[in-house]
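What follows is each chain in one-letter form.
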Amino acid sequence: MIDVRRISNNRWWHNKKNWMLFGIFLFLIFIRISKGSIYKDFYYFISKPFWPGEFQKEVILKSLNQETLINLRLLKKDNIRLREILSLQQSSTNDNISAAVISRKTGSWWRQIILNKGSNDGVEIGAAVIGPGGLLGRVKNTSLFTSSVTLLTSPESKVGVWVDSIQINGLLVGKGDDYPNLILYSKNADLKVGDFVSSSPASSLLPPNIPIGIVQSIDEPFKSKKMAKISLLAKPQAIDWVQILKIKM
Amino acid sequence: MDKFFIKNLSIIFFIFVPIFFLWHPNWLGFLDVQPYWPLFWLLPWSMINGSIKGLIFGLFLGLILDSLTMDNNFSQIPGLILCGFLFGRIKLHSDNLVGHFRFGLISSFGSFLCGTIYFLQILFKNFSDSAFLLFIPSLQNILAEVFLTGFFAPLICSHLLRMFKFSRRKFK
C-alpha cells in the first residue's frame, strides 16, 4: 500500500503576508496601549505650519481693561491671604502653561481638544485647562508633545461645582451637547436662571473659584435631584489659545 | 520612490485616515459634526479586497481611532468590523454615474450602523435615570454624520477606488 503523505507547503504560517498582518496587528495594539501618542506626536509635526498665530492671544490680552486687571490682582492677593488664614487649598498662581489648540472635536461623540504642549513641557494628567471665559476641561492624557483635554461637555466629564448664590455644591455632568447638566442633590435648592457656577472649593480635582458658566434653564425636580442646563462661559469651538494650570502638590 | 508610493497607495491613505479624523475642520462640518472619515477609505478597500480583509482592516482602523479618542468605555471597532465585512460583499461592476451615487448610499448606511452601535454602547453603559438626556444629542449626531458621510462619499470613494484599482493593476 502506498503511504500518501500530505506535503504541507501551504500552511498559514508559511505565508509571509499573514506574518505581516500579524506584525501590523501587534503594532496597532501597541498604539492602542500607548493611547495613540505616536499618532498625536506625528500630527503635532505635520500640523505645525497651521497652528493659530500669536495675534489672537495679543488681541484678547489688549481687549482686557487695565482697570479690571488691577482690581483682579488686588482681589487675588486678598483671596490668597484669606485662604492662608483659613488653611484652604491654594487657588492658581501665575505659573501656567500657555498652549495652542491643534485639534478640536467639539461636536459629534468625542468632545476633546488636543494641545501643542505635552509631558515634555511639564503638562500632567488631571491638570485643569482654562480659556478666555473660564474652565474648559481637564487633561486626560499626554504624549511627549501633545496633551488631550476632555471638555466639560463630554459625557465622560464629571466635576464638582459651586453655586455661589445659594451656597451649595453640585455636580456638573457632560451629556454630549453644548450644555452640560448641573445636578444638585437637594430637591428644594432655590436655584434661579442666571445663577453663576464656578469650580467647587471642596473639589480635590480642580483649583477653586474658576468661572464655569451660568444657569440657562432649570428642569422639574426629579427623585430628590434638581437639574439645570448650564451655558458655559468659555467656548471651546472658538478658542485657539488656552492655559494649562499646573497641579499643586 | 514613485514605484513604492504607487504600490503602497492604499496603505499610505490608511495612515492618513486618523490624521483627517484629528484634523476636524469646522468649515467642513454640519451642526459641529464631521463626516465619518474611516468609511471613505474602508469602502473602496473592502470592495476591492473582499470581506475578510475588510474585516481585518476595520479592526485595524478601530484600534487606531479608539486610541485617539479618549473614551475608554466605548469602542468604534464593532461598527468598523461590521462595515468592513458588509462592504466586502459588494461586487464591483463598473464606474458609471449610478455607482457614484451608490457610494453615497452605502456610506450613509455604514455611518448609520457605526453611529447606532456606538450610541447603544453609551446607552447600555449609562443606563440610569438620566439616560434619556443622551437621546436627542445622540440622534442629532447620528443624522448629521449620516448626511455628511453620504454627501462626500461619491466624490472621495470613487476617486479612492480608481486609485486603488490603478495601483493594484499596475503591480499585478
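Cut-off values and rules
Residues numbered from 1 in each chain as written. Chains lettered and ligands numbered in written order. Predicted model: local features only at pLDDT ≥ 70, side-chain atom pairs only at ≥ 80, totals over all residues. Helix = DSSP H or I, 4+ residues; strand = E, 2+ residues; numbered from the N terminus. Buried ≥ 20, exposed ≤ 12 C-beta atoms within 10 Å, placed from the backbone. Contact = placed C-beta atoms within 7 Å. pLDDT = per-residue confidence, 0-100. Nonpolar A, V, L, I, M, F, W, Y, C, P; charged D, E, K, R; others polar. Pairing = 2+ DSSP bridges. Axes fitted to C-alpha atoms, helices over the stretch in contact; angles between N-to-C directions. Left-handed = near helix turned anticlockwise from the far one by under 90°.

A. Up close: the overall build of chain A. Helices and strands together make up the secondary structure of chain A, namely four helices and twelve strands. The burial tally for chain A puts 36% of its 249 residues in the buried class. A sequence separation of at least 24 residues applies to 58% of the contacts in chain A between residues at least 6 apart.

B. Expanded view of the confidence of the model for chain A. Across chain A, the average pLDDT comes to 78, with 83% of residues at 70 or higher. Ranking the elements of chain A by mean pLDDT puts helix α3 (residues 55-63) of chain A last with 63 and strand β5 (residues 147-151) of chain A first with 88.

C. A look at the interface of chain A and chain B. Contact residues are listed per partner, giving 33 residues for chain A and 30 residues for chain B. Of all the secondary-structure elements, those providing two or more residues to the side of chain A that touches chain B are α1 (16-33), α2 (37-47), β1 (96-105), β2 (112-115), β4 (134-142) and β5 of chain A. Considering every element that reaches the side of chain A that touches chain B, the biggest residue donor is α1(A), with six residues. Of the residues assigned to the side of chain A that touches chain B, the class counts are twelve nonpolar, twelve polar and nine charged.

D. Just the sheet that holds β5(A), in detail. Residue and element names in this part refer to chain A. Strand order in the closed barrel made by the six strands is β1-β2-β5-β4-β3-β12, with antiparallel pairing throughout. In this sheet, adjacent strand axes meet at a mean angle of 40 degrees when their direction is disregarded. Pairing analysis gives four bridges linking strand β3 (residues 128-131) to β4, with the strands arranged antiparallel. In the sheet register, V129 faces β4, and the bridge partner there is G137.

E. A look at the packing of helix α3 (residues 37-49) of chain B against helix α5 (residues 77-88) of chain B. All names here are of chain B. One way to put it is that α3 packs onto α5 with a least axis distance of 7 Å and a crossing angle of 35 degrees. Where α3 crosses over α5, the handedness of that crossing is right-handed. Across from P38, L39, L42, L43, S46 and M47 in α3, the residues of α5 making contact are L80, C83, G84, F87 and G88. Its residues placed into classes, the contact of α3 with α5 shows eight nonpolar, three polar and no charged.

F. Expanded view of the pairing of strand β10 (residues 211-218) of chain A. Two elements, strand β9 (residues 196-199) of chain A and β10(A), share three bridges in a ladder whose sense is antiparallel. Each bridged residue has a counterpart across the sheet, and for F196(A) the counterpart in β10(A) is I214(A).

G. Quick peek at unusual backbone geometry. Residue and element names in this part refer to chain A. If you check the backbone angles, Q167 has positive phi at about 50 degrees while not being a glycine. Among the secondary structure elements, Q167 is positioned in the loop between β6 (158-163) and β7 (168-173). On the neighbour-count criterion, Q167 (8 C-beta atoms within 10 Å) is exposed. In this structure, N209 is a non-glycine residue whose phi angle is positive, near 60 degrees. Here N209 is to be found in the loop between β9 and β10.

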